[in-house]
Amino acid sequence: MYPKSKYFNFDQLINTEVNNSCLILGPSPNMFNFNFKNFEGKIICIGDSILRGKNIFSADYWIAANNEWPVPDYLPHLDIINSFKNLKFIFSDSALYNGIWTKSDIYLNKKLNVSWTTFDERHFK
């Protein structure tokens, strides 16, 4: 028996953060110039900014759109993804699975311990 999937439909994000402050955080040395301690809004991480700030802030969302990082099908990356709590992981399946990786919803439902969904940034659908 598989654990309960934490998959959510991308459309469920619409208007979920209305009236919340939001920080979209990319990986750069300047990201540490922000006063995270006094920020009460939602933090959306792009790329590896979530790793760079892991001990400084708690991200609410992690967005990825490539076929190299992070790859839930690769155990070291899966362990990193699953190390975050109360996170919504949103990744482009059209980018991630356009090369050597093959998407399996069964695998993702079984292995991802964070809330997750996908989007089509290649406009295939």
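Look up: the structure comes first, before these words.
Rules used throughout
Residues numbered from 1 in each chain as written. Predicted model: local features only at pLDDT ≥ 70, side-chain atom pairs only at ≥ 80, totals over all residues. Heavy atoms only, no water. Helix = DSSP H or I, 4+ residues; strand = E, 2+ residues; numbered from the N terminus. Rg over C-alpha atoms; globule rule 2.2 N^0.38 Å. Buried < 20%, exposed > 50% of the residue type's maximum accessible area, 1.4 Å probe, protein only. Contact = heavy atoms within 4.5 Å. Core = buried A, V, L, I, M, F, W, Y, C linked by side-chain atoms within 4.5 Å. Pairing = 2+ DSSP bridges. Axes fitted to C-alpha atoms, helices over the stretch in contact; angles between N-to-C directions. Salt bridge = Lys/Arg side-chain N within 4 Å of Asp/Glu carboxyl O. Disulfide = S-S within 2.5 Å. Polar contact = N/O pair within 3.5 Å; in protein donor to acceptor, adjacent residues only side chain to side chain.

Draft legend 1. Region of the structure containing the overall build of the protein. For the protein, the count of helices and strands is four helices and five strands. In sequence order, the secondary structure elements of the protein are arranged as β-β-α-β-α-β-α-α-β. A compact globule built from 125 residues would reach a C-alpha radius of gyration of about 14 Å, and the protein, at 15 Å, matches this within 12%. Expressed as lengths along the three principal axes of its C-alpha atoms, the size of the protein is roughly 40 × 35 × 30 Å. Evaluated residue by residue, the protein yields a buried proportion of 35% over its 125 residues. Taking the intrachain contacts of the protein between residues at least 6 apart in sequence as the baseline, contacts between residues at least 24 apart amount to 58%.

Draft legend 2. Main features of the nonpolar core. Leu-25, Cys-45, Phe-57, Trp-62, Phe-89 and Phe-91 are the most contacted members of the largest nonpolar core, which has 25 residues in total. Put simply, the parts of the chain that give this core at least two residues each are β1 (22-25), β2 (42-46), β3 (61-64), α2 (75-82) and β4 (88-92). Within the second largest apolar cluster, six residues are counted, among which are Phe-8, Leu-13, Ile-44 and Ile-90.

Draft legend 3. How the structure looks around the sheet that holds β2. Strands sit in the order β1-β2-β3-β4-β5 across an open sheet of five strands; the sheet is parallel. A strand with exactly one partner marks an edge of an open sheet, and here the two such strands are β1 and β5 (115-119). Strand-to-strand twist of the sheet, defined as the mean angle between neighbouring strand axes without regard to direction, takes the value 20°. Pairing of β1 with β2 involves four bridges; the strand directions are parallel. Each bridged residue has a counterpart across the sheet, and for Leu-23 the counterpart in β2 is Ile-43.

Draft legend 4. Quick look at the pattern of salt bridges. If you walk through the whole model with that rule in mind, you get three salt bridges. Between Asp-48 and Arg-52 there is a salt bridge; the shortest N-O distance is 3.0 Å. Judged by its relative accessible area of 41%, Arg-52 is partly exposed. The salt bridge involving Lys-103 is made with Asp-105; its shortest N-O contact spans 3.6 Å. For Lys-103, a relative accessible area of 31% translates into the label partly exposed.

Draft legend 5. Structural detail: the state of the cysteines. The tally for this structure, following the rule as stated, stands at zero disulfides. Take Cys-22: it sits in no disulfide, and the sulfur closest to it among the cysteines is that of Cys-45, at 10 Å.

Draft legend 6. Broad picture of the side chain of Asp-93. Position of Asp-93 among the secondary structure elements: in helix α3 (residues 93-96). Setting aside residues no more than four positions away along its own chain, Asp-93 makes contact with Lys-103, Thr-118, Phe-119 and Asp-120.

Draft legend 7. Seen up close, the side chain of Ser-94. Mapped onto the fold, Ser-94 is located in helix α3. Given the relative accessible area of 7%, Ser-94 is considered buried. At a separation of 3.2 Å, a polar atom in the side chain of Ser-94 contacts the side chain of Ser-92. A polar atom in the side chain of Ser-94 sits 3.1 Å from the backbone nitrogen of Glu-121.

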